[in-house]
Amino acid sequence: MAVLTVHTGVGNIEFIHGVTERFLRYVTIDTQSDPASPTCPSTVKQKTLGALLAQELRDLGLADAHLDEHGYVYATIPATTDKTVPVICFCAHMDTSPDCSGEGVKPQIVKNYQGGDIVLKADPAQIIRAAEHPALAQQIGHDIITADGTTLLGADNKAGIAEIMDAAAFLVAHPEIRHGTLKILFTPDEEIGRGVDKVDLEKLGADFAYTIDGETAGNIEDETFSADSAVVTITGVSAHPGFAKGRIEHAIKIATAIVERLPKDTCSPETTEGRDGFLHPIGIAGSLEQATLSFIVRDFTEAGLQEKEALLQGIVDEVMRGYPRSTATVEIKPQYRNMKQVLDRHPELVENAREAIRRAGLTPVTTSIRGGTDGSRLSFMGLPCPNIFAGEHAFHSRLEWVSRQDMEAAVRTIVHLATIFDERA
Ligand SMILES: [Zn+2]
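Cut-off values and rules
- Residues numbered from 1 in each chain as written.
- Predicted model: local features only at pLDDT ≥ 70, side-chain atom pairs only at ≥ 80, totals over all residues.
- Heavy atoms only, no water.
- Core = buried A, V, L, I, M, F, W, Y, C linked by side-chain atoms within 4.5 Å.
- Buried < 20%, exposed > 50% of the residue type's maximum accessible area, 1.4 Å probe, protein only.
- Axes fitted to C-alpha atoms, helices over the stretch in contact; angles between N-to-C directions.
- Helix = DSSP H or I, 4+ residues; strand = E, 2+ residues; numbered from the N terminus.
- Parallel < 35°, antiparallel > 145°, perpendicular 65-115°, else oblique.
- Left-handed = near helix turned anticlockwise from the far one by under 90°.
- Contact = heavy atoms within 4.5 Å.
- Nonpolar A, V, L, I, M, F, W, Y, C, P; charged D, E, K, R; others polar.
- Pairing = 2+ DSSP bridges.
- Expected span 1.5 Å × (residues − 1).
- Salt bridge = Lys/Arg side-chain N within 4 Å of Asp/Glu carboxyl O.
- Donors = N, O, S within 2.8 Å, 3.2 Å for Na, K, Ca; no water.
- Tetrahedral: all angles 85-135°; square planar, octahedral: opposite > 155°, others 65-115°.
- Polar contact = N/O pair within 3.5 Å; in protein donor to acceptor, adjacent residues only side chain to side chain.

Visitor: Describe the nonpolar core, with residues and values.
Guide: Across soluble globular proteins, you tend to see nonpolar side chains buried next to one another. Core analysis: the largest hydrophobic core is formed by 64 residues, its most contacted members being F23, L57, F90, I161, I184, F186 and Y210. One finds A251, A255, V316 and V319 within the second-largest nonpolar core, a separate group that totals 21 residues.

Visitor: I'd like a rundown of the packing of helix α8 (residues 347–359) against helix α10 (residues 404–423), residues and numbers included.
Guide: Two elements in contact, α8 and α10, have axes separated by 8 Å at closest approach and are oriented at 125°. Our classification of the angle between α8 and α10 gives oblique. Remark: the crossing between α8 and α10 carries right-handed chirality. Along its contact with α8, which presents L349, N352, A353, E355, A356, I357 and R359, the element α10 presents T413, H416, L417, T419, I420, F421 and E423. Split by residue class, the contact of α8 with α10 holds seven nonpolar, four polar and three charged.

Visitor: Can you lay out the sheet that holds strand β19 (residues 401–403) for me, pointing to particular residues and giving the numbers?
Guide: Across a sheet, paired strands are connected by hydrogen bonds in the backbone, their directions being either parallel or antiparallel. One open sheet holds the three strands; their spatial order is β6-β9-β19, and the pairing between them is antiparallel. With partners counted over all chains shown, the strands left at the sheet margins are β6 (108–110) and β19, one partner each. On average, each strand axis in the sheet is tilted by 25° relative to the strand beside it, whichever way the strands run. Inspection of the sheet shows β6 paired to strand β9 (residues 144–146) by three bridges, in the antiparallel sense. Note on β9: the bridge partner recorded for Q108 is T146. Contacts between α10 and the sheet are confined to β9 and β19, with β19 contributing the most and set at about 65° to the helix.

Visitor: Please set out helix α3 (residues 155–173) residue by residue, giving values where relevant.
Guide: Note that an α-helix has 3.6 residues per turn; residues three or four places apart therefore point the same way. In a regular helix each residue adds 1.5 Å, so 19 residues correspond to 27 Å; α3 covers 26 Å between its end C-alpha atoms and thus fits that length. For α3, the tally of buried residues reaches 17 of 19 residues, placing the bulk of the element in the interior.

Visitor: Go over the environment of I296 with me, naming the residues and quoting the values.
Guide: Structurally, the position occupied by I296 is in strand β15 (residues 290–299). As for I296 and G283, which are separated by 13 residues in sequence, their C-alpha atoms are 9.6 Å apart.

Visitor: Which residues make up the pattern of salt bridges, and what are the values?
Guide: Evaluation of the coordinates by the stated rule reveals 21 salt bridges. With a shortest N-O distance of 2.8 Å, D30 and K45 are connected by a salt bridge. On the criterion of sequence distance, the pair formed by D30 in the loop between α1 (19–26) and α2 (46–60) and K45 in the loop between α1 and α2 is long-range, its members being 15 residues apart. Assessed through its relative accessible area of 15%, D30 is described here as buried. The shortest N-O distance in the salt bridge between K308 and D299 comes to 2.7 Å.

Visitor: Can you tell me about the coordination of the zinc ion, naming the residues and giving the values?
Guide: The protein atoms that coordinate the zinc ion are H93 (NE2), D156 (OD), D213 (OD) and D213 (OD), at distances spanning 2.0 to 2.6 Å. Here the zinc ion binds four donor atoms, and the angle range of 52 to 139° at the metal identifies the geometry as irregular. Positions of the donor residues of the zinc ion, expressed as sequence spacing, correspond to H-x62-D-x56-D. With H93 in strand β5 (residues 88–93) and D213 in strand β11 (residues 208–214), this pair connects stretches of sequence that are 120 residues apart. The burial state of H93 is the same as that of D213; both residues are buried.

Visitor: Kindly report on the side chain of H142, identifying the contributing residues and their values.
Guide: Along the chain, the position of H142 falls in the loop between β8 (127–128) and β9. In this structure the side chain of H142 is engaged in a polar contact, spanning 2.7 Å, whose partner is the side chain of Q139. Among all residues touching H142, those that are not within four sequence positions of it are V110, K111, N112, Y113, S403, Q405 and D406.

Visitor: For the sheet that holds strand β14 (residues 278–286), give the residues involved together with the corresponding values.
Guide: Read across the open sheet, the four strands follow the order β14-β15-β13-β16; overall the sheet is antiparallel. The open sheet has two edge strands, β14 and β16 (327–336), and neither has a second partner. For this sheet the average axis-to-axis angle between neighbouring strands, irrespective of direction, equals 20°. Note that strand β13 (residues 226–235) and β16 share nine bridges and pair antiparallel. Across the sheet, the residue bridging to I234 is A328, located in β16.

This is how it looks when you write it as structure tokens:
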């Protein structure tokens, strides 16, 4: 029997978890988002889950819980303390990735996992191999939830949703646990990069937030990439190919010469990990007279971004010296910035989360994300927002999995975190 023990001024409280039951219900609702749709939410079906969550929150007694017209769910857990405590928001996203079907998810549970590969029932070609998923080694004795091999699971981010819902149920049932005002925010369309486009931060009224959308149990992420885009536009010289000797300067050939000069052993997603960034071509289009190359530039520091952009400019200049009658421009546009720039001004956010993770029985590990998050955008919109683990693994794929024990640890972390802000106020 899973119990949550919270050490409070009024003694230890035990609580039987409902997080797995909630999770298994939420994943059966298809909430796949669609980057081609101009609407918000991008798919109406996300509102099916949103309406259910708002109703469940009202059933808990959170009177203001509602789904708005853009597909966002807002709710407030009233304070149980007399102290002045910052308003903390717990945030998760309702949509699943467009990369893999989320229709007809049939979750399976491997109880008391004893190691080895997990073959998914409906498609035996889909195997979660222990060798390819080293995080499985930490899950011995745990109950592992997977899809059946035909869809993704949706632990990203319905694990986070179930964890926030379960923590809310626990806190509402135990008003003797002291905490400040807590806010709940469930967003649509995170997977297509539009998760905070229509969020109403004034209505939300939170001082700080945590997304519950990370991978390994115990992890807290306070850094994202900083990101720019770069577009190289090449204008060559065209002529009739029958009379072109000494005349044509071919934009396609200039573009490929630039790509060919990119570093081979560094500076690309396929050759870097950890804290190394990259300069990554994502698109090429062209004809004789004009060609464009699109890049994304990623690094954890501004200096690192500028270095990679200077590298690109240098390659372009070098190639263009061979084509004196052609021109090339490099246009850089900022996309998002490392949220650590904001979070470092509020060190208590990560410290309190680390303490909550410790009290939940785990070892806290502060890490960085090789990408952006809704939290990085929220941080720069004025709501500082690190990311806490939800236990999701192999997301955006049919091999996605999460364990019951990791989800329960996340629920404990959320509850402890709420109490720590009160203790330290
Ligand atoms: Zn996610």
